[in-house]
Each structure stands twice: as C-alpha cells, then as structure tokens.
Amino acid sequence: MKILIVGYFTESSKLNIIRHFPKEWNIVIVPPGEEMLHHIKDCQVIIPEHVKIDFNLLSIAKELKLVQTGAGYDNVDIDACTQRGIWAANAAGVNAQAVAEHVMAFILSYYKNIPYLDSFMKSKVDQNQLDYTGSELNGKTIGIIGYGAIGKKVAEFCKVFDMNVLVYARNPVVQSDGVAQIINFDDLISKSDIVTVHASLNPQSQKLIDKEVFKKMKSTALFINTARGGIVNEKDLIDALKNRDISGACLDVFEKEPLPIDSELRNLRNVILTPHTAGLPDGLKFHKKRYDFFVNNIKRVENGKEPESKLNQLL
C-alpha cells in the first residue's frame, strides 16, 4: 500500500507522520510539483494539501483508490473521483475540539489584549505608562456562520462564558436548541459582537463575507475566520479593518497560503494572526486524532469496505 501525502511539512513533522502509519505501508511525503506527479502514478491513497485534485491529476493516478482529506475538501473534484471509481472522504469533526479551542483563544486574546500586554511587559516600560482597553465576554453576542461539529463546539464553549449565541446555517434541518438561536444571515451579522466563520468553502460561500457584509457589522465587531480564506474577500476585510468599519479580526486562514510576507494583514495592529494551525493542537502539523482516522479509513478501503465520512458513492 503506497500512501502519498502532498503538502509542506518540516522534517520533524514528516517523521511523526511516518511513524504513525503501519510499517508495511510505503509512506511518501512530498510538496506539490514534479515529484508529486511521479509518485501519484502508482499510489493507492493520496492525502492532499495545497494541491487541487482534478480530473487531469486523477487521470495519471492509475492505481488510486482513495482521496482522503482533513475537514475541508474544497480542493477535491468529487465528481471526477466518482467518474474514475475513486473514493473521496474527509475527516469531518476530528479537529472540532482543537479548532473550537483556538477560536476561544482568539476571543480571549483579543478582548483581554494579551498580545499587547505581553509586548508591553517585555519592553520593560514603566508600568505607570500602561494604557489599554479590555472587555468581558459576559453578555456579548457571538454569531456563528455554520453549525457543524466545530460550530456546535464553539457555541457550547461560549455558553460557559455566559454569551448569547446566534447561528446561521444553510442546512434547513438545523434547528434552534438550548445553546444557540437560529436566525437569518443579515440579522446575525448586524446583531453580533463577534462573527466567526465555520462553514465549508463552496460556490455558495465563495467570498460570502465582503465589503457589504462588513458595513452591516457593528463598528465594535470582532471578525474571526478559522474555516477557509476563500470565504472572505480579503481586500474588503483589510479595508474594513483600516477604515475601522469593524474593530478587529483574528485569522487562521487566508486567500493565499502561506500568507505572503508583504500582506497588509501583517502590519495591522487590530489583527491577530496564526498560520493555519487551529486544527493542529501539537504545533507540529501532526494531529494524532486526524491520523488515527486516516489510518482506519485506509484500512477500510484496503479491505473492500466504504470509507467513513465518504463524500461520494461508488457503484
């Protein structure tokens, strides 16, 4: 069994990943590019990051049986997989705890001014010169866009802090519960002190958050995105932050990743940034729960079974 993992990994991350798979499997970890094209010809499984799995690429993969992604799968052409008799599956929910904790860390860091206070203390300036604002979460309203495993976990955490929880979900099956109130998109945007995105990236959500949406937000609002950068028009977000149409932003994902060195986001004081690590709790681009899921799913396909969390159905 040859497993091809495509992405950008440190050497220590590669070792952690390889050690997690059965020794008899051939694990190949490469960045996108020519070397990837060489290995995709005879792999049975591909785990792709930062590469589009489309019909052209799949046509090279003569032995491919499974395309396995993490939570997001916007980089995979599901129809093309089905046409070629290849299973596609994601790992929905396995990183819900990690991402939800990251969201809470963002919220607390922002409202308690942790980055600024840490910098102030380390600058060794006279403490009498300290001048900052902070806020409590009690009574604040958070608007959650998307109510899957991550959105629900965020809602539960926020309730513990005595926050009001509003939710917008495209799925009509989602109903208000004891934790969150389901409302329409415009009301959520205008009523929320914090807006956090937990929707998948698809044609309907592409650049869903743009300048018109930012104008509808409170000028004191905090915007958080740990889902996908493509859901937000990044230029409009930067303009909203610079013009103080919104108070601030906490971002883990970006339109282009890695975030360009010259991105204006790096220079804005009302922004907290992390490098797409919300779902990776150990900081080494390795999440045990995720790779446990991968190994189990690969074994299922190897044994002729359907993968869990499948994205397509083969005849």
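The coordinates are above.
What counts as what
Residues numbered from 1 in each chain as written. Predicted model: local features only at pLDDT ≥ 70, side-chain atom pairs only at ≥ 80, totals over all residues. Heavy atoms only, no water. Buried < 20%, exposed > 50% of the residue type's maximum accessible area, 1.4 Å probe, protein only. Helix = DSSP H or I, 4+ residues; strand = E, 2+ residues; numbered from the N terminus. Pairing = 2+ DSSP bridges. Right-handed = clockwise from strand over helix to strand, strands pointing away. Axes fitted to C-alpha atoms, helices over the stretch in contact; angles between N-to-C directions. Contact = heavy atoms within 4.5 Å.

## Structural notes on the pairing of strand β9 (residues 194-197)
Covered by surrounding structure in β9 are Ile194 and Thr196 together with Val195 and Val197, the residues of both alternating faces. With four bridges joining them, strand β6 (residues 141-145) and β9 adopt parallel strand pairing. Among the inter-strand pairings, Ile145 is bridged to a residue of β9, identified as Val197. Judged from the four bridges that link them, β9 and strand β10 (residues 222-225) form a sheet pairing that is parallel. Across the sheet, residue Thr196 finds its bridge partner in β10, namely Ile224. Read as a crossover between parallel neighbours, the route from β9 over helix α9 (residues 211-216) to β10 is right-handed.

## With respect to the sheet that holds strand β1 (residues 2-6)
Here we have five strands laid out as an open sheet, ordered β2-β1-β3-β4-β5, and parallel in their pairing. A single partner strand is all that each edge strand has here, and the edge strands are β2 (26-30) and β5 (87-89). Taking the axes of each pair of neighbouring strands and ignoring which way they run, one obtains an average angle of 15 degrees across the sheet. Direction of pairing for β1 relative to β2: parallel, over a ladder of five bridges. The residue bridging Ile3 from the neighbouring strand is Ile27, located in β2.

## Points about the sheet that holds strand β7 (residues 164-168)
Spatial strand order, β8-β7-β6-β9-β10-β11-β12: seven strands in an open sheet with parallel pairing. Every other strand in the sheet has two partners, leaving β8 (181-182) and β12 (271-273) as the edge strands with one partner each. Direction of pairing for β10 relative to strand β11 (residues 248-251): parallel, over a ladder of four bridges. If you follow Asn225 over to β11, its bridge partner there is Leu251. In this fold helix α5 (residues 96-111) packs onto β6, β9, β10, β11 and β12, with an angle of close to 150 degrees to the strand it touches most, β10. Helix-sheet contacts for helix α10 (residues 234-242) involve β10, β11 and β12, and the interaxial angle to β11 is about 140 degrees.

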